[in-house]
Structures are given as C-alpha cells and as structure tokens.
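# Overview (structure and organization)
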Amino acid sequence: MAAEATPMGSARAWLVETGSPILLFVSLDLFVTLLFLLLSTSPERIGTFRPVDTVAPKLAELLAAGFALGLLASLPQRRLDLSLATICTALVGLLDLDHLPALLGVAQPVRPAHSVTFLALEVFAMFVAFRRRKEVPLIATAAFLGHLAADVGIFAPLTPFSFEYVSLDSLTVPLAVGAAGFALAAGYAKRRGRSTRTLTGTPSGGRGRVRGWLTSRPWSSTSP
Ligand SMILES: [Zn+2]
C-alpha cells in the first residue's frame, strides 16, 4: 500500500503541503521586518504594539477571515480544501509577526510587512519555491489582501522606499473583493493542477476519481 494511503502517510503529506509555504512565509516576514527596521530612521519608527487585551479578539477576527477565504478557495473544487484553508488562515494571522520588535520594546516602523514590497517579495518567493503549485502564490495574495481589509489604522504601503504613513480604511471593500477573487483563483488553479497531474500520471489520490476524470475527457480512449 502506498505510504500516502495510510492515515499516517496522509497526515505527513498534509503537513508538508501546508507547512512548507507557512514556514517560508514566517521566514520572509521576519526577514523583512528586520531588514526594513534597519533601513528606517528614528523618526519613522513610530510603530506600537496594540493593547494586550485586544490581541485575542483581533487574532480571532483575522483567523476567521482567513478561514472564510479558504472556504472560498474550496468552492471551485466542490470540496473542503483543508490544505488551502489552513495555509490561508495561517498566512492571514501570521502577517502580524512584523509587530515583533514593538512587542520586544524595540522602536520600529509601522507594519513593515503590510507593504506592497513584502507582497511582491512573497509572491516571487512562493512562485519560485512552489513552481508546480500555482495556487500557492495566489492564496498568499488572497491572505495578504484579506488581512489588510480586516486591519484599520495607518500603513506605509511603499516601505522601505517611503515611510509615508496613510490610512487604507476607505479601501476595505476593494481589498476584500480582491482577496475573494484571488482565493477563487487559487481554488481554480489547484483544481486545474490536480487535473494536469492526473493526466501526466502523477499520483493524485483516488483511483476512482482518476478513472472518472479520464473517462469524462475526449482523449480517454487513448489512455492506458
Ligand atoms: Zn495587521
């Protein structure tokens, strides 16, 4: 029996599938936080940590938003995609790791990873690291936009090129719509990728599904 067909094998595959993008994200977030801190000057380091009693409700709100986006990504696949939902939930919640210096009492710029610079870096890294999983950079973008839609206050979108702080509160709806669009795109990309892997013979989990998909295609008669 194939390793991935056992509960232990499936759990390990799920852990790798979800853990690798999350680990890459955490590394990038912390790297950018440190780098942009070093690139900022004292007057720009006005970031603060929110009152401790508001951390849990805010985190719950973010995780709920991330899971909702994960559910949206599941729609094109017509099944709950626990991997995409987990990645999206984690990425929405973990973006706030860029508050870490303030938590440790170090003066820092406001939300350095809540910038288009970080998004560009993240999408590039995800695209390179997960070439065969086109849904990963898409769900990462959905998570980023979803987080920004749920946040209020000031940001410096062009950090570290400009530390001019602006409010994005008026952009909540466009950001949320953009997040939903990218989540759906991630779901479609994953469905398409799974179909492609099925065609090329890569294991996709389930002989019945493979046979059903193949027999529904016009070239099924040429399949072995
Ligand atoms: Zn935030």
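Residues numbered from 1 in each chain as written. Predicted model: local features only at pLDDT ≥ 70, side-chain atom pairs only at ≥ 80, totals over all residues.

### Concerning unusual backbone geometry
Each neighbour pair has its own omega, and for Thr159 with Pro160 the value is 5°, a cis peptide bond. Position of Pro160 among the secondary structure elements: in the loop between β1 (154–155) and β2 (166–167). Unusually for a residue other than glycine, Arg78 sits at a positive phi of about 55°. Mapped onto the secondary structure, Arg78 falls in the loop between α2 (55–74) and α3 (82–94). Of note in the backbone geometry, Arg111 takes a positive phi value of approximately 40° without being a glycine. Relative to the assigned elements, Arg111 resides in the loop between α4 (100–103) and α5 (116–129). (Helix = DSSP H or I, 4+ residues; strand = E, 2+ residues; numbered from the N terminus.)

### Observations regarding helix α1 (residues 7–39)
Since the α-helix turns once every 3.6 residues, residues separated by three or four places project in the same direction. Over its 33 residues, α1 runs 47 Å from end to end, which matches the ideal 48 Å to within 8%, given 1.5 Å per residue. Maximal helix bending in α1 amounts to about 30°, located at Gly19; proline Pro21 follows within four positions. Listed in full, the buried residues belonging to α1 are Pro21, Phe25, Asp29, Val32, Thr33, Phe36 and Leu37. Turning to α1, the residues buried within the fold contact α3, α4, α5 and α6 (135–150). (Expected span 1.5 Å × (residues − 1). Bend = angle between axes of the 7 residues up to and from the residue. Buried ≥ 20, exposed ≤ 12 C-beta atoms within 10 Å, placed from the backbone. Contact = placed C-beta atoms within 7 Å.)

### Considerations on the environment of Leu39
Within the secondary structure, Leu39 sits in helix α1. Looking at Leu39, the number of C-beta atoms within 10 Å reads 14, which means it is partly exposed. C-alpha of Leu39 to C-alpha of Phe161: the two residues are 122 residues apart in sequence and 9.1 Å apart in space.

### Considerations on the packing of α1 against α5
Relative to each other, α1 and α5 sit at 145°, their axes nearing to 11 Å. Here α1 and α5 pass one another in a crossing that is right-handed. Within the contact between the two elements, α1 uses Pro21, Leu24, Phe25, Leu28 and Val32 and α5 uses Phe118, Leu121, Glu122, Ala125, Met126 and Ala129. (Axes fitted to C-alpha atoms, helices over the stretch in contact; angles between N-to-C directions. Left-handed = near helix turned anticlockwise from the far one by under 90°.)

### Some points on the packing of α1 against α3
Viewed as axis vectors pointing N to C, α1 and α3 meet at an angle of 20°, and their least axial separation amounts to 9 Å. Judged by the angle between their axes, α1 and α3 are roughly parallel. α1 and α3 meet at a crossing whose hand is right-handed. Side by side, α1 and α3 meet where Trp14, Glu17, Thr18, Pro21, Ile22, Phe25, Val26 and Asp29 of the first sit next to Ser83, Thr86, Ile87, Ala90, Leu91 and Leu94 of the second. The residue inventory of the contact of α1 with α3, partitioned by class, reads 9 nonpolar, 3 polar and 2 charged. (Parallel < 35°, antiparallel > 145°, perpendicular 65-115°, else oblique. Nonpolar A, V, L, I, M, F, W, Y, C, P; charged D, E, K, R; others polar.)

### Observations concerning the environment of Ala180
Tracing the chain through its elements places Ala180 in helix α7 (residues 172–200). Note on Ala180: 18 C-beta atoms within 10 Å, which makes it partly exposed.

### A word on the environment of Phe25
Of note, Phe25 is situated in helix α1. Sequence separation of Phe25 and Leu95 is 70 residues, and the distance between their C-alpha atoms is 8.4 Å. Filtering out sequence-adjacent residues up to four positions away, Phe25 remains in contact with Leu91, Leu94, Glu122 and Ala140.

### Some points on the confidence of the model for the protein
Taken residue by residue, the protein gives an average pLDDT of 86. The fraction at 70 or more is 85%. Ranking the helices and strands of the protein by mean pLDDT puts α6 first, with 97, and helix α8 (residues 207–215) last, with 39. Low pLDDT, under 50, characterises residues 203–224; the stretch is placed with 10 contacts to residues that sit more than four places away or in other chains. (pLDDT = per-residue confidence, 0-100.)

### Structural notes on the nonpolar core
With 35 residues, the main nonpolar core has Cys88, Ile139, Ala142 and Ala183 as its most contacted residues. The dominant element in this core, judged by the number of residues it contributes, is α6, at 10 residues. The contacts of Cys88, once residues within four sequence positions are left out, are Gly66, Leu69, Gly70, Ala73, Ile139, Ala142, Ala143 and Ala183. (Core = buried A, V, L, I, M, F, W, Y, C linked by C-beta atoms within 7 Å.)

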